[in-house]
Amino acid sequence: MNQDIVDEIFFEYEEELEKAHNHQVNEYVVIRAGRANPRILDKIVVDYYGSPTPIKQMANISVQEARILCISVWDVSQIKNITKAITASDIGITPTDDGKTIRLVFPQLTEERRKEIVKQTKKIAEDTKVAMRSARRDTMDKIKNLKKNNEISEDEQSSLENDVQKILDNYITKVDATFATKEKEILEI
C-alpha cells in the first residue's frame, strides 16, 4: 500500500469535511436570533467612493444592549450610504441614525418566527451533511480506484472505507452539535 497516496486522500477528505462544517458555522453567524450580533452585518457592503467596502471597515460596531447594535461611522458623510445599504439588505431591521451613529434595534422574535428560523438552520445543517456525504462518496471512489489498480488489497480497502465512515460520523456529530447549540440560542427567550 502506498501510504503517501492514502494520506493525501484522507487529508483532502478531512479538508472537505472541515470546509463544509465551517460553511455551516458561518451561515449560522448571520442568522438573527433576537440578540444583537455584529456579525449580521458581515455580508453587507457599501459603495465607498466607488469601491464596495464592508461596514466593519468603515465603522466601529458594538453591542450597546442585548438587542441594540451601535455603528459609529468614522466618516460621517457615509452615514446615509450605510443606512441605505442596511435597509436594502435582507436582515429585516430598520436602522435609525442621529447624524453621528446608526442604531439597529433587534425586535423580540415571535414564537412563530423562532420556529421558522429553526427550520432554516435545520436546512443548513442538512445541506452540510449532504455536502459531507458527497465528499465521502468521492473518497470511497478514490479508494476503489486504488483497489482496481491493485495498489491496495481488499482487506486494506475495507479498512480504509471503515476509516472514511468513522471520520464522517465524527463530523456529522459536530454538525448536529452546532445545530443544537444554534437551536437552543434561537428558542431561548
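Look up: the structure comes first, before these words.
Given the structure is predicted, the values throughout are model-derived calculations rather than measurements. (Residues numbered from 1 in each chain as written. Predicted model: local features only at pLDDT ≥ 70, side-chain atom pairs only at ≥ 80, totals over all residues. Heavy atoms only, no water.)

> What am I meant to see in the packing of aromatic side chains here?
Aromatic ring pairs are defined here through the distance separating the ring centres and the angle between the ring planes. Under the defined criterion, the tally for this structure stands at 1 aromatic pair. Ring geometry for Y48 and Y49: centres 4.8 Å apart, planes at 55°, overall tilted. Judged by its relative accessible area of 62%, Y49 is exposed. The positively charged end of K174 is found above the aromatic ring belonging to Y171, 4.4 Å away from the centroid. (Phe/Tyr/Trp six-rings, centres within 6.5 Å; stacked < 30°, edge-to-face > 60°. Buried < 20%, exposed > 50% of the residue type's maximum accessible area, 1.4 Å probe, protein only. Lys NZ or Arg CZ within 6 Å of the ring centre and 35° of its normal.)

> I'm lost on the layout of surface pockets in this one. Help?
If a probe the size of a water molecule is rolled over the atoms, the empty space left behind becomes visible. Its volume calculated, the largest pocket comes out at about 340 Å³. Along its surface, the largest pocket is lined by 15 residues, and V30, I31, D90, I91 and Q120 are the ones closest to its centre. Looking at the lining of the largest pocket, the element that brings in the most residues is helix α3 (residues 111–148), giving 4 residues. Looking at the lining of the largest pocket residue by residue, the classes come out as 7 nonpolar, 3 polar and 5 charged. (1 Å grid on protein atoms, 1.4 Å probe; cavity = no way out; pocket = protein on both sides within 12 Å on 5 of 7 lines; lining within 4 Å. Points joined across faces, edges and corners; volume = space filled by probe spheres on them. Helix = DSSP H or I, 4+ residues; strand = E, 2+ residues; numbered from the N terminus. Nonpolar A, V, L, I, M, F, W, Y, C, P; charged D, E, K, R; others polar.)

> Got a minute to help me understand the side chain of T53 in this structure?
Tracing the backbone shows T53 in strand β2 (residues 51–54). From its side chain, T53 meets the backbone oxygen of S51 in a polar contact 3.0 Å long. Apart from residues lying up to four places away in sequence, T53 is in contact with I44, V45, V46, Y48 and M58. (Polar contact = N/O pair within 3.5 Å; in protein donor to acceptor, adjacent residues only side chain to side chain. Contact = heavy atoms within 4.5 Å.)

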